[in-house]
Amino acid sequence: MPSALDSLTFNNRYGQLPEYFYQRKSPQSLKKPATLVALNPEVASLLGINPCELDEEQLTNWMTGHLQLRGSEPLAMKYAGHQFGYYNPDLGDGRGLLLGEITNPQGQHWEVHLKGAGQTAFSRFGDGRAVLRSSIREFLGSEALHYLGIPTTRALAVCVTGEAIRREQLEPGATLLRITPSHLRFGHFEHFYYQQDQQGLETLLKFTLDNLYPHLLDHPDPALALFDEVQERTASLVALWQAYGFCHGVLNTDNMSLLGETLDYGPFAFLDFYQPSYVGNHSDDQGRYAFDRQPQIMHWNLACFAQALSGLTAAEGLKASLNHFPELFQKQYRQSLATRLGVNPVTDWPLLQDFLRLCENSRVDWTRLLRLLAEGQLQAAETLLKAGGPGVTAQQVEAWMSSWQNKVDTYFASPQQRCRELEAVNPCVLPRTHLLQQAITAAEEGDFSEVKRLLAVFRHPFTPDGKQPGDLESPPAHQQCLPLSCSS
Ligand code: AMP
Ligand code: MG
C-alpha cells in the first residue's frame, strides 16, 4: 500500500523557470542515526497528508537525504539582498533546498523547503547545515506566531541527525521542513535588478503575478500594484510584531517575504519586559534591528524592493506609494494595540501611549500585565505595575488604571463581555526564549517530549487550559530580554 508521502502531488512551478533562477541540487545524505524530533499534524493535513497514515521512518529518510520522493525536483533558489544595509549579490539558498511544490486535494499550493540540506552553489563559506537548537526554535516559534494570528511560514517537522555541527561549540545537526505558498523574497527581484537583467525581472514579475497575485494580472500597472500589495502586507506584519513584542533579529532584504510572512527565523525573541531598544541579535552591534527600529527598517527594505522594481514601472509611482508606509503602519499598529486594551485606536491613542510609557518605565512583564487586564484581574495588574522599577510612581499607576477603566467600560456591554473579547487577543503564553531553551536542552539529551508539549501549548495561546504553571510565569530576571547568538 502506498504511504501518505508517496501519494503527494508535486507541481514544481518555480523549477519551470529558466535555469539561471536556481541550481538543481539534491539534499546531501546526512549521517545516521536520524530521528524525528517532532511532527506537526496540522501542517501534514495542509499538505493533504493524513497524519495517521504518515510513515515516520520514510519522512525521516526524506528529510535527511536518504530518500527522494517521486515528483520532487530539489533546487536551491538564487537571490541576493541587502544585509545590514549593504548589498550582497552572492546570496541564495545556501543551506536549504526547495524540494518542490505540493498541490493539496483542495488545490492549494505549498512550497516545501528543507533547511539544513547541505551545501549549494550559494553556500559561500557556510557548511550548509542547521543545528537542532535553531531548528526547534523555528519549528515552535513559527507555529506560535501562526496561532497568535501573525502571518508566517510554517513547519512540518524537525529531524535530528547523527552529525555534530561546529558553531560556537559542537552541536547536534538537524533538518527542518517548512512550508509556505511561496519563498519569494525582496532579494529575488534585487538580484535581477543589480544584474541589469531586464528579461529576468520581467519573467520574475510574471511568475509572481501568475502564482501569488493573479488578480493583478490585468492591472494597467502591475508592478506598481504588486508593490502596493506587498507594502500593505509588510506594514500589517510589522504592526503585529510591534503590538505583540516580536523582534525578528535579522531584517535583511533577503529575509523579506513577498507574501508579507515572517520568514527565516534567526535570533528572534518576544520582549519579556517592554524594552523598545531591545536588540535580539548579539552580533548586531549598532542595534540596526532593535525592536523599535523594525517599522523604519521595513520601510527601508521596501525602498530596496521599490528600487528593484524601477525598471518595470515609473519611479514616481513607486516613490509616491512608499510615502504611504508610515501611515499604513501606524493605522494598523494603533488598531492592534487598541484591540488588546479594548479601547479606540484614534481617540484613545494618548491613553495607549501612556500605557507603553508605564510599561517601559516599570520594566514589568507586559504580556502578563496585558493578560491580567484582559482577565479583569485589575488589582493584580495594579500591584504588578507598582512593584515594577523605580521609574513609575503609585500615583501614575492609579491615574492610568482609572482612566483606562473609565474608558474601556464604555465600549463593552458587561465586564464578562470585555473579558471574553480581551482574553481572545491577549496570550497567556508566548514562545519565550527560556521556554524554548528548556525544550532544546532536553532534546539535545534525546528527550523530545518538551518540544511536543510546547507545540500543543503554543497552539492555544489565549487560554490557560492545558498549561503548566511555568508556561505562564515570567522568566527569572536574569533570563529576561537576553540577546541571542545569530549562529544557526
Ligand atoms: P540568513 O540571514 O540566516 O537567512 O542567511 C543569509 C545567507 O547565508 C543565505 O544565503 C543563507 O542561505 C546563507 N547561510 C546561512 N547559514 C548557512 C550555512 N550554515 N551554510 C551555508 N549557507 C548559509
Ligand atoms: Mg535568510
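Residues numbered from 1 in each chain as written. Chains lettered and ligands numbered in written order. Predicted model: local features only at pLDDT ≥ 70, side-chain atom pairs only at ≥ 80, totals over all residues. Heavy atoms only, no water.

## Comments concerning unusual backbone geometry
With an omega of 0°, the peptide bond between Lys-32 and Pro-33 qualifies as cis. When you line up the elements, Pro-33 lands in the loop between β1 (22-24) and β2 (35-39). Phi is positive for Arg-124, close to 45°, though the residue is something other than glycine. The backbone of Arg-363 shows a phi angle near 55°, a positive value even though the residue is not glycine. Within the secondary structure, Arg-363 sits in the loop between α10 (349-362) and α11 (366-374). The partly exposed category is assigned to Arg-363, whose relative accessible area is 48%. (Helix = DSSP H or I, 4+ residues; strand = E, 2+ residues; numbered from the N terminus. Buried < 20%, exposed > 50% of the residue type's maximum accessible area, 1.4 Å probe, protein only.)

## Here we look at the site of ligand 1
The environment of ligand 1 is made up of 16 residues, and the closest members are Gly-92, Gly-94, Arg-124, Asp-127 and Gly-128. One nitrogen or oxygen atom from the side chain of Arg-95 is found 3.4 Å from a nitrogen atom belonging to ligand 1. One nitrogen or oxygen atom from the side chain of Arg-167 is found 3.5 Å from a nitrogen atom belonging to ligand 1. For ligand 1, whose unbound accessible area comes to 490 Å², protein coverage reaches 80%. Residues of the shell around ligand 1, tallied by class, amount to one nonpolar, seven polar and eight charged. (Near = heavy atom within 4 Å. Polar contact = N/O pair within 3.5 Å; in protein donor to acceptor, adjacent residues only side chain to side chain. Areas by Shrake-Rupley, 256 points an atom, 1.4 Å probe, with all protein chains shown as cover. Nonpolar A, V, L, I, M, F, W, Y, C, P; charged D, E, K, R; others polar.)

## Structural notes on the pattern of salt bridges
Counted under the stated rule, the structure contains 24 salt bridges. Close ionic contact of Arg-178 with Glu-138 constitutes a salt bridge, the shortest N to O distance being 3.3 Å. Of the two residues, Arg-178 is situated in strand β10 (residues 170-180) and Glu-138 in helix α3 (residues 132-148); the sequence distance between them amounts to 40 residues. Residue Arg-178 shares its accessibility class with Glu-138, and that shared class is buried. We note a salt bridge from Arg-371 to Glu-423, for which the minimum N-O separation is 4.0 Å. A residue pair is termed long-range when its members are at least 10 positions apart, and Arg-371 in helix α11 and Glu-423 in helix α14 (residues 415-423) qualify at 52 residues. A relative accessible area of 6% places Arg-371 in the buried class. By sharing partners, the salt bridges in this structure join Lys-115, Glu-138, Arg-178, Arg-185 and Asp-264 into a single network. (Salt bridge = Lys/Arg side-chain N within 4 Å of Asp/Glu carboxyl O.)

Fair warning: the whole summary comes from geometry, so function is off the table for now.
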